[in-house]
Amino acid sequence: MLSKRNRKKLFLTLLSSALLFIFFALNLNFYFSSFLSKNFSYSSDYSSENSKLRYMVSELQAKVKLQQSYIDENRELKKRLGYELPKNINFLKAELVILSPFTFTSSGIINKGSSHGVKSGFIATASGKLVGKVSSVEKNYSEILFSFDPNFTIMVNIGMNKIPGILKGNGLSSYIKYVTDNQKVVVGDKVVLSSNGLERYPGIEIGEISEVKSDGGFLILNISGLIDPRNTKFLTIIAND
């Protein structure tokens, strides 16, 4: 049996051991966190930086592809013009940021306005094809009236003889009217924008005749080759100042 003195020593020894255990237990989280911070923080920072770099690379790749699409479209537009671009013709790049929710009366908003040189009457294209024309302009944005909107009209010339007509929207598509039925128009005839209107459009080829119908002394001409703006994001505004 332990003496009173030995019991006291044993008690003090156990108490000291218990205090040391509690001390190290309480500080274990600190030492462990410090260890993780020293050994894994660099890896975490590296991962974060790597993610940023991957995002920047993908963003640059998207910009390169977009720039290439602009170059291809400009080439296509020059080809459709059929002659060297006049000095007053400029191409303005714009993004279609808002689309009208209505199908029958359709328009869109682009992120370029008067401060960028956009004016009412300028035509809008995508992939070298007609989308519509600028109907109203604010400082930093403009409204585009799409070619199938019932309020859309634009003068065109048809075929080698440059037969004049009016391209108009009907809410779902576009057609050419005001061409008398004594004019010789056949399927496949090229359609270009007329340069004789007030807006002085360049003679860009916008499509070809896909159907010819007679109606009360006039021809109703359907046209193929226009683009559906609901399937595009970026436009080229053709400025003719």
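Residues numbered from 1 in each chain as written. Predicted model: local features only at pLDDT ≥ 70, side-chain atom pairs only at ≥ 80, totals over all residues. Heavy atoms only, no water.

Peer 1: So what exactly am I meant to see when it comes to the sheet that holds strand E12 (residues 234-239) here?
Peer 2: Strand pairing within a sheet occurs via backbone hydrogen bonds; the two strands may be parallel or antiparallel. Taken in spatial order, the 6 strands of this closed barrel run E1-E2-E5-E4-E3-E12, and their pairing is antiparallel. Across the sheet, the mean angle separating the axes of adjacent strands is 45 degrees when strand polarity is ignored. The sheet contact formed by strand E2 (residues 107-110) and strand E5 (residues 142-146) spans 4 bridges and is antiparallel. Bridge pairing in E5 places Ser 107 opposite Leu 145. (Pairing = 2+ DSSP bridges. Helix = DSSP H or I, 4+ residues; strand = E, 2+ residues; numbered from the N terminus. Axes fitted to C-alpha atoms, helices over the stretch in contact; angles between N-to-C directions.)

Peer 1: Mind showing me how you'd approach the pairing of strand E6 (residues 153-158) here?
Peer 2: Both faces of the sheet carry side chains from a regular strand, because those side chains alternate between them. Across 6 bridges, the pairing between E6 and strand E7 (residues 163-169) is antiparallel. In the strand pairing of E7, Val 156 is matched with Gly 165. In sequence, E6 turns back onto E7 through a hairpin of 4 residues, with Gly 159 there showing a positive phi of about 70 degrees. Sheet analysis places E6 next to strand E9 (residues 190-193), joined by 3 bridges and oriented antiparallel. By the bridge assignment, Val 156 is partnered in E9 with Leu 193.

Peer 1: I would appreciate a short explanation of the confidence of the model for the chain in the present structure.
Peer 2: As a note on interpretation, predicted positions should not be read in detail where pLDDT is low. With 62% of its residues at a pLDDT of 70 or more, the chain has an overall mean of 77. Mean pLDDT across the elements of the chain bottoms out in helix H1 (residues 4-81) (60) and peaks in E5 (94). (pLDDT = per-residue confidence, 0-100.)

Peer 1: Please explain the sheet that holds strand E11 (residues 218-224) as it appears in this structure.
Peer 2: Taken in spatial order, the 6 strands of this closed barrel run E6-E7-E8-E11-E10-E9, and their pairing is antiparallel. Strand-to-strand, the axes of this sheet are offset by a mean angle of 40 degrees, without reference to chain direction. As judged from the 4 bridges shared by strand E8 (residues 174-180) and E11, these two strands associate in the antiparallel manner. Bridged to Thr 180 within E11 is Phe 218.

Peer 1: Where do I start with the packing of aromatic side chains in this structure?
Peer 2: A ring pair, where both rings are aromatic, is described by two values, the distance of the centres and the angle of the planes. Considering all chains together, one arrives at 1 aromatic pair under this definition. Between Phe 146 and Phe 148, the ring centres sit 6.0 Å apart and the planes meet at 40 degrees, which makes this aromatic pair tilted. In this pair, the class of Phe 146 matches that of Phe 148, namely buried. Taking NZ or CZ as reference, Lys 133 lies 5.6 Å from the ring centre of Phe 152, over its face. (Phe/Tyr/Trp six-rings, centres within 6.5 Å; stacked < 30°, edge-to-face > 60°. Buried < 20%, exposed > 50% of the residue type's maximum accessible area, 1.4 Å probe, protein only. Lys NZ or Arg CZ within 6 Å of the ring centre and 35° of its normal.)

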